[in-house]
Amino acid sequence: MPQTGALKAMKKILLYILCLSLVFTAFSACKRVVSPPPPAPKQPVDEEDFIPKEEPVPVLPAPKPPEPPAPLDDPGPEPQIQEDEPVTQWDDLPLQLNAAGTVVPGMPMVAITFDDGPGKFTGRILDILERHGARATFCVVGTLLEQDGGMETAARTVAVGSEVIGHSWSHEYFTQISEDEVRTQILDTARAIENATGISTNLYRPPYGRVDERVERISRELGFALVKWSVDPRDWETKDADLIYDEIMRGVHDGAIIIAHDSYSTTADAMERVVPALIERGYQLVTVSELLMHTYGTVEAGKVYNK
């Protein structure tokens, strides 16, 4: 039977609805397949886990208030006064070297020494040494040190970098006087030198260079070393500036100890030439103490040094 137009339209609508149902059903099935599983139920959380645990705070001691400053005129605690023990030997006193100059290790050195002063020409010789930046050792006699100007000359000697050591109190032959007299000659001169210069010494030159075993023993007991010489121009005998110069320049060597006397004008005249000539030859002019310390490393009491 032929279908009417209304029936055809109804069929189309039903067909359309059926298609929509199929599409919706397929979409729902796909969604169930790909959808993730539901999340697991959350565990109950203990609230104490989220409460931060407080560390114990250390209790520091309260700072002490600063002490008030001491008054400027406060001398501080009273020093403990100790009784000085008697000095029985001169070597109990520290040896003080006059380090006004510089000694160059390895460079040749010479020590010029002047006996029997302070003399009339000591000041002139000091002028020569100071002008050339040189140093020397002056072996003084105690009685001359106490004469007018003697203490001042000794103080100036040290001030310009040279050295003062003893040469006895009254220039006696040590080998011909008693042991007590030898001790007095050495110690009285050493004390006078310290009073004049502020510097103690443990060296001395025996008068006339006369030494025997007894003098060495006494010197060792007192803590003194003895200084002689290795170059002697005999200036006291010739009193000739040219001969003095020639003898010194002929005999000089590294480590030499030269003896001269600051009581003669001819010796001062010779030094005008000797000092610059030695420097030109490459020698450094040092004190006896400096020469001995750099040569031997120490100074031994009772020993005679005459290099």
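Above: the structure in question.
Residues numbered from 1 in each chain as written. Predicted model: local features only at pLDDT ≥ 70, side-chain atom pairs only at ≥ 80, totals over all residues. Heavy atoms only, no water.

## Considerations on the overall build of the protein chain
Here comes step 1: Helices and strands together make up the secondary structure of the protein chain, namely ten helices and eight strands.
Here comes step 2: A buried classification covers 36% of the 307 residues belonging to the protein chain.
Here comes step 3: In the protein chain, the share of contacts with a sequence separation of at least 24, taken over all contacts with a separation of at least 6, comes to 78%.
Here comes step 4: Surface accessibility of the protein chain: about 19300 Å² in total, with carbon and sulfur atoms responsible for 57%. (Helix = DSSP H or I, 4+ residues; strand = E, 2+ residues; numbered from the N terminus. Buried < 20%, exposed > 50% of the residue type's maximum accessible area, 1.4 Å probe, protein only. Contact = heavy atoms within 4.5 Å. Areas by Shrake-Rupley, 256 points an atom, 1.4 Å probe, with all protein chains shown as cover.)

## Here we look at the layout of surface pockets
Here comes step 1: One number sums up the size of the largest pocket: a volume of about 280 Å³.
Here comes step 2: Lining the largest pocket are 14 residues; nearest its centre among them are Tyr208, Trp229, Trp236, Ile259 and His261.
Here comes step 3: Of all the secondary-structure elements, those providing two or more residues to the lining of the largest pocket are β1 (109-117) and β6 (257-261).
Here comes step 4: The class makeup of the residues in the lining of the largest pocket is five nonpolar, four polar and five charged. (1 Å grid on protein atoms, 1.4 Å probe; cavity = no way out; pocket = protein on both sides within 12 Å on 5 of 7 lines; lining within 4 Å. Points joined across faces, edges and corners; volume = space filled by probe spheres on them. Nonpolar A, V, L, I, M, F, W, Y, C, P; charged D, E, K, R; others polar.)

## Considering the packing of aromatic side chains
Here comes step 1: Across all of its chains, the model carries five aromatic pairs by this definition.
Here comes step 2: Centre to centre, the rings of Tyr173 and Tyr208 are 4.0 Å apart; their planes meet at 10°, and the pair counts as stacked. Residue Tyr173 is found in the loop between β3 (163-166) and α5 (179-197), and its partner Tyr208 is found in the loop between β4 (203-204) and α6 (213-222); the two are separated by 35 residues along the sequence.
Here comes step 3: The partly exposed category is assigned to Tyr208, whose relative accessible area is 41%.
Here comes step 4: Taking 5.9 Å as the distance between ring centres and 40° as the angle between the ring planes, the aromatic pair formed by Phe174 and Tyr204 counts as tilted. (Phe/Tyr/Trp six-rings, centres within 6.5 Å; stacked < 30°, edge-to-face > 60°.)

## Focus on the pairing of β1
Looking along a regular strand, one sees side chains alternate from face to face of the sheet.
Here comes step 1: Of all nine residues in β1, eight are buried; the element is thus mostly enclosed.
Here comes step 2: Since β1 and strand β2 (residues 137-140) lie parallel, the crossover through helix α2 (residues 122-131) that links them has a hand, and here it is right-handed. (Right-handed = clockwise from strand over helix to strand, strands pointing away.)

## A short note on the pattern of salt bridges
Any two side chains of opposite charge can pair if their charged atoms end up close together.
Here comes step 1: In the structure shown here, the tally under the stated rule is 16 salt bridges.
Here comes step 2: One salt bridge in this structure joins Arg183 and Glu179, with 3.7 Å as the shortest N-O distance. Taken together, the positions of Arg183 and Glu179, both in helix α5 and four residues apart, correspond to about one turn of that helix.
Here comes step 3: The class for Glu179 is partly exposed, based on a relative accessible area of 27%.
Here comes step 4: For Arg191, the salt bridge goes to Asp188, with nearest N and O atoms at 3.9 Å. Remark: Asp188 and Arg191 occur in helix α5; sequence separation between them is three residues, near one turn of the helix.
Here comes step 5: When salt bridges that share partners are traced, they join Glu179, Asp180, Arg183, Arg217 and Glu221 into one network. (Salt bridge = Lys/Arg side-chain N within 4 Å of Asp/Glu carboxyl O.)

## Observations concerning the packing of α2 against helix α9 (residues 265-280)
Relative placement of two packed helices is described by the angle separating their axes and the distance separating the axes.
Here comes step 1: The geometry of α2 relative to α9 is characterised by a closest axis approach of 9 Å and an angle of 5° between their N-to-C directions. Judged by the angle between their axes, α2 and α9 are roughly parallel. For the pair formed by α2 and α9, the contact residues are Arg124, Ile125, Ile128, Leu129 and Arg131 on the first element and Ser265, Ala268, Asp269, Met271, Glu272 and Val275 on the second.
Here comes step 2: Among the residues forming the contact of α2 with α9, the class breakdown is six nonpolar, one polar and four charged. (Axes fitted to C-alpha atoms, helices over the stretch in contact; angles between N-to-C directions. Parallel < 35°, antiparallel > 145°, perpendicular 65-115°, else oblique.)

## Some details on the nonpolar core
Here comes step 1: Ranked by size, the top nonpolar core spans 29 residues in total, and within it Ile112, Phe114, Leu129, Ile258, Met271 and Leu278 carry the most contacts.
Here comes step 2: Those elements that place two or more of their residues in this core are β1, α2, α8 (241-251), β6 and α9.
Here comes step 3: Per element, the largest residue contribution to this core is seven residues, and it comes from α9.
Here comes step 4: Sequence-distant contacts of Leu278, that is, excluding residues within four places in its chain, are made with Ile112, Met249, Val252, Ile258, Tyr283 and Leu285. (Core = buried A, V, L, I, M, F, W, Y, C linked by side-chain atoms within 4.5 Å.)

## Digging into the environment of Asp188
Here comes step 1: What makes Asp188 partly exposed here is its relative accessible area of 32%.
Here comes step 2: Taking C-alpha positions, Asp188 is 8.2 Å from Ser168, a pair spaced 20 residues apart along the chain.

## Details of the packing of α8 against α9
Here comes step 1: For the pair α8 and α9, interaxial distance at closest approach is 8 Å and the crossing angle is 35°. Regarding α8 and α9, the two cross each other, and that crossing is right-handed. Residues Ala241, Asp242, Ile244, Tyr245, Ile248 and Met249 of α8 lie in contact with α9, whose contacting residues are Thr266, Thr267, Asp269, Ala270, Met271, Arg273, Val274, Ala277 and Leu278.
Here comes step 2: Looking at the contact of α8 with α9 residue by residue, the classes come out as ten nonpolar, two polar and three charged. (Left-handed = near helix turned anticlockwise from the far one by under 90°.)

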